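Residues per chain are reported as follows:
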Amino acid sequence: MKILGCALSIGLLSFTVMSAEPQSLNKLMEQWLTIESQKGKLQLDWNTREQQLKQTYSLLGSEKSTLESLLKKTDTEKSDVDNRRFELSEQQSLLEQEQREVKESIQQATLFSRSFIERLPPPLQKKWQEKLLLLTQSGATDSEKLERILTLYKLANEFDEQVALNRTSMEVPLANGEVQNLLVTQIYLGLSQGWYVSDDGQHYGYGRASQVQWQWWHNQDASTELGRILNAQDLLEFKYILENPTSAEFIKLPVKVLKEKDVS
């Protein structure tokens, strides 16, 4: 009986174990399948991710090359800009220097014109005085000042190349030592020589430019200064010829050619 009981117990235990094994195997199989499925999914995800990473790496490489090219180009352009900026800076410095030189030249020309005006024949002095007022006008640009200086010299050059007649009122000394304003005709031979005569020939004279101013000598004093007789009738005849060119003829008038040491 005891042996039979033991046998029954062992059989029952074996049956229990055998009946439990299929369940465990199924469970293990499920776990294995799950793991394999997860492994496959992970492998697929990794393959996909790897491909994306490779593409990203390739794009980053392209971007790096592009950026390096842009940086190189930027450095080149920056170098060109720096060189151009340096050139412009030099040009600006040169222009500023030239502007300073122009201003200095204008100032010197203005001072010279102011000092030279008194040496010009009286009719030209008046024109220069008007132009000098414009030259010193406030707000005038350097270009305008240069143009006005050129006008001054042009006026002087034109006057110097002609025989000019000027009808004007002039102060002349009388025999009693007094001074009277008389209507006279002035005749200028360029910038350096001139004569005047009244309509009745009673008053006449000679004038010239010195280093300081224009000066007139009257009547007998004119002959003394010239070293030759100055005849009023010759001046009236010269005046008539200039007013009536068709009646032109040769006429002699005394002039004085001055050496540098003789200029007072």
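Heads up: these notes are all about the structure in this document. (Residues numbered from 1 in each chain as written. Predicted model: local features only at pLDDT ≥ 70, side-chain atom pairs only at ≥ 80, totals over all residues. Heavy atoms only, no water.)

### With respect to the packing of helix α2 (residues 122-135) against helix α3 (residues 142-160)
- In the contact formed by α2 and α3, the axes pass within 9 Å of each other and the chain directions differ by 175°. Regarding the angle of α2 to α3, the classification is roughly antiparallel. Contacts between α2 and α3 involve L124, K127, W128, K131, L132, L134 and L135 from the former and K145, R148, I149, T151, L152, Y153, L155, A156 and F159 from the latter. (Axes fitted to C-alpha atoms, helices over the stretch in contact; angles between N-to-C directions. Helix = DSSP H or I, 4+ residues; strand = E, 2+ residues; numbered from the N terminus. Parallel < 35°, antiparallel > 145°, perpendicular 65-115°, else oblique. Contact = heavy atoms within 4.5 Å.)

### Remarks on α2
- The end-to-end C-alpha separation of α2 is 20 Å, in line with the 20 Å expected for 14 residues at 1.5 Å each.
- Here α2 has its buried residues at P123, L124, Q125, W128, L132 and L135. (Expected span 1.5 Å × (residues − 1). Buried < 20%, exposed > 50% of the residue type's maximum accessible area, 1.4 Å probe, protein only.)

### Thoughts on helix α5 (residues 232-243)
- Here α5 contains twelve residues, and its C-alpha end-to-end distance of 17 Å stays within 8% of the 16 Å for a straight helix at 1.5 Å per residue.
- Listed as buried for α5 are A232, L235, L236, F238, K239 and I241.
- Where α5 is buried, its residues touch β1 (163-173), β2 (179-189), β3 (193-198) and β4 (204-209).
- Its side-chain oxygen placed 2.7 Å from the backbone nitrogen of Q233, N231 serves as the N-cap of α5. (Polar contact = N/O pair within 3.5 Å; in protein donor to acceptor, adjacent residues only side chain to side chain.)

### Thoughts on the packing of aromatic side chains
- As enumerated under the stated definition, the model contains ten aromatic pairs in all.
- Aromatic pair W128 and Y153: ring centres 6.3 Å apart, planes at 50°, arrangement tilted. Within this pair, whereas W128 is found in helix α2, its partner Y153 is found in helix α3, the two being separated by 25 residues in sequence.
- A relative accessible area of 1% means that W128 is categorised as buried.
- Judged by relative accessible area, which is 34%, Y153 ranks as partly exposed.
- Clustering of aromatic rings is evident, with ring pairs tying together F159, Y188, Y196, W214 and W216. (Phe/Tyr/Trp six-rings, centres within 6.5 Å; stacked < 30°, edge-to-face > 60°.)

### Quick word on a nonpolar patch on the surface
- There is a patch of nonpolar side chains on the surface, built from M29, W32 and L33 and spanning about 330 Å² of accessible area.
- Within the fold, L33 resides in helix α1 (residues 2-116).
- Judged by relative accessible area, L33 falls into the partly exposed class, the value being 45%. (Patch = residues over 30% accessible without salt bridge, like charges linked within 9 Å, V, L, I, M, F, W, Y side chains within 5 Å. Areas by Shrake-Rupley, 256 points an atom, 1.4 Å probe, with all protein chains shown as cover. Salt bridge = Lys/Arg side-chain N within 4 Å of Asp/Glu carboxyl O.)

### Brief notes about the sheet that holds β3
- Spatially, the five strands line up as an open sheet ordered β1-β2-β3-β4-β5, and their pairing is antiparallel. The sheet is open, and its two borders are formed by β1 and β5 (214-218), each paired with just one other strand. The sheet shows a mean angle of 30° between the axes of neighbouring strands, taken without regard to direction.
- Bridge count between β3 and β4: five bridges; the pairing is antiparallel. Residue pairing across strands places W195 opposite Y206, the latter belonging to β4. (Pairing = 2+ DSSP bridges.)

### Quick notes on the pairing of β5
- A large share of β5 lies buried, amounting to four of its five residues.
- Where β4 lies against β5, five bridges are found, and the strand directions are antiparallel. For G205, the partnering residue across the bridge sits in β5 and is H218.
- Counting the residues between successive antiparallel strands, the hairpin from β4 to β5 contains four residues.

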